[in-house]
Amino acid sequence: MHEIIECIYFFWVRREASIVNGEVMLSADRFPLVREIGWHRVDALYTHPDRVVEYHVFLFVVRGRMQVIEDGITYWVSGNEHLFLKSGLHHWGEPVTEPGTEWYWIHFNLPIGERLHYREHAPLLKLDYLQPDHYQYLIPMPKHGSSPFHTGLEARLKTLAADCRSPGEHIMTHVSLRVCELFLELQKAMNQKDQGGQYSKTDTIAGRVISYLMLHTEEDFDSVKLAEHMKLNYSYLSAAFKKQTGQTIVEAHTRLRMGKAIEMMRNGTLNVSEISYGLGYRNPYYFSRVFKNVLGESPSLYMRHFYKM
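Residues numbered from 1 in each chain as written. Predicted model: local features only at pLDDT ≥ 70, side-chain atom pairs only at ≥ 80, totals over all residues. Heavy atoms only, no water.

(A) Focus on the overall build of the protein. Assigned secondary structure in the protein consists of nine helices and 10 strands. Going through the 309 residues of the protein one by one, you find that 44% of them count as buried. For the protein, the proportion of contacts with a sequence separation of at least 24, taken over those separated by at least 6, is 73%. (Helix = DSSP H or I, 4+ residues; strand = E, 2+ residues; numbered from the N terminus. Buried < 20%, exposed > 50% of the residue type's maximum accessible area, 1.4 Å probe, protein only. Contact = heavy atoms within 4.5 Å.)

This is the structure in structure tokens:
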């Protein structure tokens, strides 16, 4: 039996998201643009097509076992497992995919904003402010594997494939948004599986450092006091924090202080000088310069964004 469900979405993009070592990277400010979704079953030994395509591929094997070779690396995808294939990489197969194997696929493009710098670390709400650049970061998709989340994928993919054939206004935008949600849920499930449902030691350090810094936003940063509080070497703390957040501890402390300044602007009637002194900045002009470096505009201009009683 052979069934193909095709839903071509004619949307051309100029650039694809960055890929590192075969990883497909979503960007948080764009959603995947679905080209087609399909289902296939083979009743004899099957060979995956030998090709290079200008779109990414998501494969989910429902039953059986499928072989795909990408850029010389062999992947065996069994039932309830997925595989992401990168746009522009050569992939192919040998005549070894088992009879009875069934799988779904999604072909999609990943538009990325031109002239934008995308961070490799997801922002932390305590450190980052909800401005447009908050969403300019990359989200790596797990290359291959399975998790408890995968047990419900067949039903979701079947519905998505059927919806592709349904007439309706903006149908492919709706489908693409749901595919984006599916990918994000899959990424979260795989991360939890890899960590055994627990935070890594580095994550724990970053969280503890932020908690400490939040209690000391009204004073200058002191690396000695932080190291003593954490009972760890500061060089180790600094490296672990940078790896997890993409920011230095000093940068994080500064951003937390500016966040506190925004909170004071929003909830009070203090002027710039009073906010400066309240955060431990002895010189309001220096505080204003730091604020502008972080937020892109002066405190007095920023205060105009808020509604005042």
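(B) Examining the sheet that holds strand 3 (residues 56–63) more closely. Spatially, 2-8-3-6-10 is the arrangement adopted by the five strands of the open sheet, whose pairing is antiparallel. Whereas interior strands pair on both sides, the edge strands pair on one side only; in this sheet they are strand 2 (33–41) and strand 10 (144–145). Bridge count for strand 3 against strand 8 (residues 102–109) is seven bridges, and the pairing is antiparallel. Each residue of the ladder has a partner; that of Phe 60, found in strand 8, is Tyr 104. Relative to the sheet, helix 1 (residues 153–165) contacts strand 2, strand 3 and strand 8, its axis offset from that of strand 3 by approximately 125°. (Pairing = 2+ DSSP bridges. Axes fitted to C-alpha atoms, helices over the stretch in contact; angles between N-to-C directions.)

(C) Fine view of unusual backbone geometry. Positive phi, normally seen in glycine, also occurs at Asp 71, with a value near 50°. Relative to the helices and strands, Asp 71 is located in the loop between strand 4 (65–70) and strand 5 (73–78). Phi is positive for Asn 80, close to 65°, though the residue is something other than glycine. Positionally, Asn 80 belongs in the loop between strand 5 and strand 6 (81–85). You can call Asn 80 partly exposed: its relative accessible area is 29%.

(D) Representation of the sheet that holds strand 7 (residues 91–92). Taken together, the three strands give an open sheet; going across it, the order is 5-4-7, and neighbouring strands pair in antiparallel fashion. Among the strands making up the open sheet, the edge pair consists of strand 5 and strand 7. Where strand 4 and strand 5 come together, six bridges link them in antiparallel fashion. Looking across to strand 5, one finds that Ile 69 is bridged to Thr 74.

(E) A look at the nonpolar core. By size, the foremost hydrophobic cluster in this structure holds 31 residues, and its most contacted members are Ile 37, Phe 58, Ile 106, Leu 157 and Phe 183. When contributions to this core are tallied by element, the ones reaching two or more residues are strand 2, strand 3, strand 8, helix 1 and helix 2 (171–194). If one sorts the elements of this core by residue count, helix 2 sits on top with nine residues. Setting aside anything within four residues of it in sequence, one finds Leu 157 in contact with Phe 58, Phe 60, Tyr 104, Ile 106 and Leu 182. (Core = buried A, V, L, I, M, F, W, Y, C linked by side-chain atoms within 4.5 Å.)

(F) Seen up close, the environment of Leu 26. Mapping Leu 26 onto the fold places it in strand 1 (residues 25–27). A residue is classified by how much of its surface remains accessible, and Leu 26, at 1% relative accessible area, is buried. Along the primary structure Leu 26 and Leu 184 are separated by 158 residues, whereas in three dimensions their C-alpha atoms are 9.1 Å apart. When neighbours within four sequence positions are excluded, Leu 26 is seen to be in contact with Pro 32, Leu 110, Tyr 137, Leu 138, Ile 139, Met 141, Cys 180 and Phe 183.

(G) The arrangement of the packing of aromatic side chains in detail. In total, this model carries 11 aromatic pairs according to the counting rule given. With centroids separated by 6.0 Å and ring planes inclined at 45°, the aromatic side chains of Tyr 281 and Tyr 286 adopt a geometry described as tilted. Given a relative accessible area of 6%, Tyr 281 falls into the buried group. According to the relative accessible area criterion, Tyr 286 is partly exposed, its value standing at 41%. (Phe/Tyr/Trp six-rings, centres within 6.5 Å; stacked < 30°, edge-to-face > 60°.)

(H) Spatial organisation of helix 6 (residues 249–267). Over its 19 residues, helix 6 runs 27 Å from end to end, which matches the ideal 27 Å to within 8%, given 1.5 Å per residue. Every buried residue of helix 6 is listed here: Ile 249, Ala 252, His 253, Arg 255, Leu 256, Arg 257, Met 258, Ala 261, Ile 262, Met 264 and Met 265. (Expected span 1.5 Å × (residues − 1).)

(I) Expanded view of the packing of helix 5 (residues 234–245) against helix 6. Following both chains from N to C, one finds helix 5 and helix 6 inclined at 70°, their axes separated by 9 Å at the closest point. Relative to helix 6, helix 5 is oriented roughly perpendicular. For the pair helix 5 and helix 6, contact is made by Tyr 234, Leu 237, Ser 238 and Phe 241 and by Ile 249, Val 250 and Ala 252, respectively. Class assignment of the residues belonging to the contact of helix 5 with helix 6 gives a composition of six nonpolar, one polar and no charged. (Parallel < 35°, antiparallel > 145°, perpendicular 65-115°, else oblique. Nonpolar A, V, L, I, M, F, W, Y, C, P; charged D, E, K, R; others polar.)

(J) Spotlight on the environment of Leu 153. Residue position: Leu 153 is located in helix 1. The buried category is assigned to Leu 153, whose relative accessible area is 0%. Taking C-alpha positions, Leu 153 is 8.7 Å from Val 62, a pair spaced 91 residues apart along the chain. Once residues lying within four places of it in the same chain are set aside, the contact partners of Leu 153 are Phe 58, Phe 60, Leu 182 and Leu 186.

Geometric descriptors of this kind do not, in isolation, establish any biological role.
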